Amino acid sequence: MSRPDRGTRAMHQALPPALRDAVDDFAEHLSRVRNRSAHTVRAYVTDLVSLLDHAVRMGCVDLAELDLSVLRSWLARQRTTGAARTSLARRAASARAFSAWAHRAGLLPADVGAALASPRAHRELPSVLRADQAAALVEAPGRRAPPADPPAEPGAAAAAEAVPLRDRVLLELLYATGVRVSEACGLDVGDVDHGRRVIRVFGKGGRERSVPYGVPAQRALDDWLRRGRPAMVGARSGDALLLGARGGRLNPTTARQIVGAYAETAGLPRTSPHDLRHSAATHLLEGGADLRAVQELLGHSSLASTQIYTHVSVERLRAAYRQAHPRA
């Protein structure tokens, strides 16, 4: 089982053996069969342990006794303790996923979670940079390198010169392709098709997609592969495209720090790699890209996840109208 926090581990150990085994088997199913990330498995396990702990307190000693009233009572308790709508929606989804799996596995006589409703999660509009702000951010490494991720040996001049090249290609790829930071850090040298200017990306659930990039990103890639990567490569590099200070694959946490540091250097609002992803999607739609094409580029399994960017564009249009129209 993916390592949950201490409170969840204690609740997990306190469950009756049959319920504890069900949690472990479900976590194994998510990890090995569904190919979910460790973070996702941990979230599901935390929700499930909370649910089964609540069920035991209501008198359920066997998983077959779990019914819709217990699920609803658990969500109601979460609501009274101040859980946000987004958290309630996620926990309801966890309960439904476990119920469906347990029914298929013969642990529940019926899929009791199928009828469980959940509040519609409130979705905040994502933070989006203007096109000129995005350009200033990706060009910032050419002006000044922030102190994030310094070379392992301060006297290594070649490695020090390589860091801005690495940072430039990271920023260019994040904005040009809209990939997730984990996807960018997971790229290998062989995933880049220089002739067609596309990268091969492995997204959530191991789903593979090809994403195009433009001429500025190509220039940054050429500089990095010709002058930057050879200066930072080491025994731990393998085929990784983007390298950290000690020669291993660049860590997503370090990549987030790099983006944030350059945003501060460029005088921009606090910016994350996901903000660059939001910006790329919004600018594509504002430029006339088809919604389905943007869905494919971003690797969204559902079009509903992509449609939020249409709202962003409308909000920007309204803001421009209110600012510019004399009768707004």
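Residues numbered from 1 in each chain as written. Predicted model: local features only at pLDDT ≥ 70, side-chain atom pairs only at ≥ 80, totals over all residues. Heavy atoms only, no water.

Trainee: Sorry if this is basic, but what is going on with the packing of aromatic side chains here?
Mentor: Where two aromatic rings form a pair, the distance of their centres and the angle of their planes describe that pair. The full count for this structure, using the stated rule, is 4 aromatic pairs. Relative to Phe-98, the ring of Phe-26 has its centre 5.4 Å away and its plane inclined at 80°; by these criteria the two rings are edge-to-face. One end of the pair, Phe-26, is in helix H2 (residues 17-33); the other, Phe-98, is in helix H5 (residues 85-104), with 72 residues separating them in the sequence. Overall, the relative accessible area of 1% leaves Phe-98 in the buried class. Both rings, one in Phe-26 and one in Trp-101, keep their centres 5.4 Å apart while their planes meet at 50°; by these two values the pair is tilted. Here Trp-101 lies in helix H5 and Phe-26 lies in helix H2, a separation of 75 residues in the sequence. Take Phe-26 and Trp-101: they sit in the same class, and that class is buried. (Phe/Tyr/Trp six-rings, centres within 6.5 Å; stacked < 30°, edge-to-face > 60°. Helix = DSSP H or I, 4+ residues; strand = E, 2+ residues; numbered from the N terminus. Buried < 20%, exposed > 50% of the residue type's maximum accessible area, 1.4 Å probe, protein only.)

Trainee: What should I look at first to understand the pattern of salt bridges in this one?
Mentor: Taken as a whole and assessed by the stated rule, the structure comprises 13 salt bridges. Notably, a salt bridge pairs Asp-132 with Arg-130, separated by 2.9 Å at the nearest N-O pair. Note that Arg-249 and Asp-188 form a salt bridge whose closest N and O atoms lie 2.7 Å from each other. Of the two residues, Arg-249 is situated in the loop between helix H9 (215-232) and helix H10 (252-265) and Asp-188 in the loop between helix H8 (181-185) and strand E1 (192-193); the sequence distance between them amounts to 61 residues. Residue class for Arg-249 comes out partly exposed when judged on its relative accessible area of 39%. Residues participating in the shared-partner salt-bridge network are Asp-47, Arg-90 and Arg-91. (Salt bridge = Lys/Arg side-chain N within 4 Å of Asp/Glu carboxyl O.)

Trainee: Please explain the sheet that holds E1 as it appears in this structure.
Mentor: Either a parallel or an antiparallel arrangement is found when strands of a sheet pair, and the pairing is made through backbone hydrogen bonds. Strand order in the open sheet made by the 3 strands is E1-E2-E3, with antiparallel pairing throughout. Every interior strand has two partners, whereas the edge strands, E1 and strand E3 (208-212), have only one. Bridging between E1 and strand E2 (residues 198-202) involves 2 bridges; their strand directions are antiparallel. Directly across from Val-192, in E2, lies its bridge partner Ile-199. (Pairing = 2+ DSSP bridges.)

Trainee: Would you mind going over the pairing of E2 with me for this structure?
Mentor: The side chains of a regular strand alternate between the sheet's two faces. Linking E1 to E2, which pair antiparallel, is a turn of 4 residues; within it Arg-197 sits at a positive phi near 55°. Strand direction decides the pairing type here: E2 and E3, joined by 5 bridges, are antiparallel. If you follow Val-198 over to E3, its bridge partner there is Pro-212.

Trainee: Any chance you could explain the packing of H2 against H5 here in plain terms?
Mentor: Relative orientation and spacing of two packed helices are given, respectively, by the angle between their axes and the distance between those axes. With their axes 11 Å apart at the nearest point, H2 and H5 run at an angle of 100° to one another. When the axes of H2 and H5 are compared, the pair comes out roughly perpendicular. The segment H2 lies against H5, with Ala-22, Asp-25, Phe-26 and His-29 engaging Ala-97, Phe-98, Trp-101 and Arg-104. Considering only residue class, the contact of H2 with H5 consists of 5 nonpolar, 1 polar and 2 charged. (Axes fitted to C-alpha atoms, helices over the stretch in contact; angles between N-to-C directions. Parallel < 35°, antiparallel > 145°, perpendicular 65-115°, else oblique. Contact = heavy atoms within 4.5 Å. Nonpolar A, V, L, I, M, F, W, Y, C, P; charged D, E, K, R; others polar.)

Trainee: I keep staring at the side chain of Asp-47 and nothing clicks. Help me out?
Mentor: Structurally, Asp-47 is set in helix H3 (residues 38-57). Look at Asp-47 and you get buried, because its relative accessible area is 2%. Polar contacts involving the side chain of Asp-47 include one to the side chain of Arg-90, which spans 2.6 Å. Ignoring sequence-local partners within four residues, the contact set of Asp-47 consists of Trp-74, Arg-90, Arg-91 and Ser-94. (Polar contact = N/O pair within 3.5 Å; in protein donor to acceptor, adjacent residues only side chain to side chain.)

Trainee: What is the right way to look at the side chain of His-283 in this model?
Mentor: Note that His-283 resides in helix H11 (residues 273-286). Here His-283 falls in the buried class, since its relative accessible area comes to 15%. Separated by 2.8 Å, the side chain of His-283 and the backbone oxygen of Leu-129 make a polar contact.

Trainee: Is there a simple way to think about the packing of H11 against helix H12 (residues 291-298) in this case?
Mentor: Axis separation between H11 and H12 bottoms out at 10 Å; the angle between their running directions is 155°. As the angle between them shows, H11 and H12 are arranged roughly antiparallel. Relative to H12, the crossing made by H11 is right-handed. Listed contacts from H12 to Arg-277, Ala-281, Leu-284 and Leu-285 of H11 are Leu-291, Val-294, Leu-297 and Leu-298. When the residues that make up the contact of H11 with H12 are grouped by side-chain class, the tally is 7 nonpolar, no polar and 1 charged. (Left-handed = near helix turned anticlockwise from the far one by under 90°.)

Trainee: Honestly, unusual backbone geometry in this entry has me stumped. Any pointers?
Mentor: Trans is the common state for peptide bonds, and a negative phi is the common state for residues other than glycine. We note that Asn-35 has phi near 60°; this positive angle belongs to a residue other than glycine. Considering the arrangement of structural elements, one finds Asn-35 in the loop between H2 and H3. Note on Asn-35: relative accessible area 42%, which makes it partly exposed. In this structure, Arg-197 is a non-glycine residue whose phi angle is positive, near 55°. Mapping Arg-197 onto the fold places it in the loop between E1 and E2.

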